[in-house]
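Chain residues, written in single-letter form:
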Amino acid sequence: MSGIETSTLLALTFAGSTAAGAVSTIQAGHFQAAMYGAQANQTRAQARSQVLKARQEALQHREKGLQVLDQMRRTGATINARGSANAINPFAGSTGNLMTVNLKEGFEDFATTKTNRLIAEDNMVIMQRSAERQASIYKLAGRQAKSSAYASAFMQIASSAAMMGMSGFGGTNPLAGPTTGVPVSVGQGGYAPPIQVG
């Protein structure tokens, strides 16, 4: 093999390995983006599960509140029936006090279950919004991973091309300086070629 063939072979090998590295970098970026996408989907699925659990809890609190109201009604009816059976005014005296206590405690229990239901419903909204925010962060990270991979691949190729150009691969420029590849002429770039004496 002659010197030109060897240098061409080296240049092609160098270019091929650079291209393979760039493709590998891009594939890694796509893989990382896919992983972030999977994490985003998993976050959404977990949130749906948590929201359903919170909804079930809210329904249980609602059911408990309805049971409290029903128990209040039954207790009130029992107080009225016993008072009426004894010909006592159900709204006066100790019977009236029983009715007041029944209503007071019943409404307190009902208010507690209603508050718990509202808290569970608020938790549903918080969990859903939190999951959507986290999923969007994962999606953004995936897009950034892809973008970074393309930028890195471009820099690998550009750096390789610059190194090949400085090494003299790919042809020589008769106007290029000895190592920089910058055209040499008097006054450009602050460089003046040495003056030949004699």
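Worth saying up front: this structure is predicted, and the values here are computed from it rather than measured.

Visitor: Give me the environment of Lys-139: which residues, what numbers.
Guide: Along the chain, the position of Lys-139 falls in helix 2 (residues 93-167). Note on Lys-139: relative accessible area 33%, which makes it partly exposed. C-alpha of Lys-139 to C-alpha of Ala-40: the two residues are 99 residues apart in sequence and 6.5 Å apart in space. What Lys-139 contacts, discounting residues up to four positions off in sequence, is Gly-37, Ala-40 and Arg-44.

Visitor: So, the packing of aromatic side chains: which residues are in play, and what are the values?
Guide: Applying the stated rule across the entire model yields one aromatic pair. Here the aromatic rings of Tyr-36 and Tyr-138 are separated by 6.4 Å at their centres, their planes lie at 25°, and the arrangement is stacked. Of this pair, Tyr-36 sits in helix 1 (residues 3-85) while Tyr-138 sits in helix 2; the two residues are 102 residues apart in sequence, bridging distant segments of the chain. The exposure class of Tyr-36 is partly exposed, given its relative accessible area of 23%.

Visitor: Can you break down the side chain of Asn-102 residue by residue, with the values?
Guide: Here Asn-102 shows up in helix 2. Overall, Asn-102 belongs to the buried group, its relative accessible area being 12%. Within the structure, the side chain of Asn-102 is placed 3.2 Å from the backbone oxygen of Met-72, a separation counted as a polar contact. Here Asn-102 is in contact with Met-72, Thr-75, Gly-76 and Ile-79, once residues within four sequence places are set aside.

The rules behind each value
Residues numbered from 1 in each chain as written. Predicted model: local features only at pLDDT ≥ 70, side-chain atom pairs only at ≥ 80, totals over all residues. Heavy atoms only, no water. Helix = DSSP H or I, 4+ residues; strand = E, 2+ residues; numbered from the N terminus. Buried < 20%, exposed > 50% of the residue type's maximum accessible area, 1.4 Å probe, protein only. Contact = heavy atoms within 4.5 Å. Phe/Tyr/Trp six-rings, centres within 6.5 Å; stacked < 30°, edge-to-face > 60°. Polar contact = N/O pair within 3.5 Å; in protein donor to acceptor, adjacent residues only side chain to side chain.

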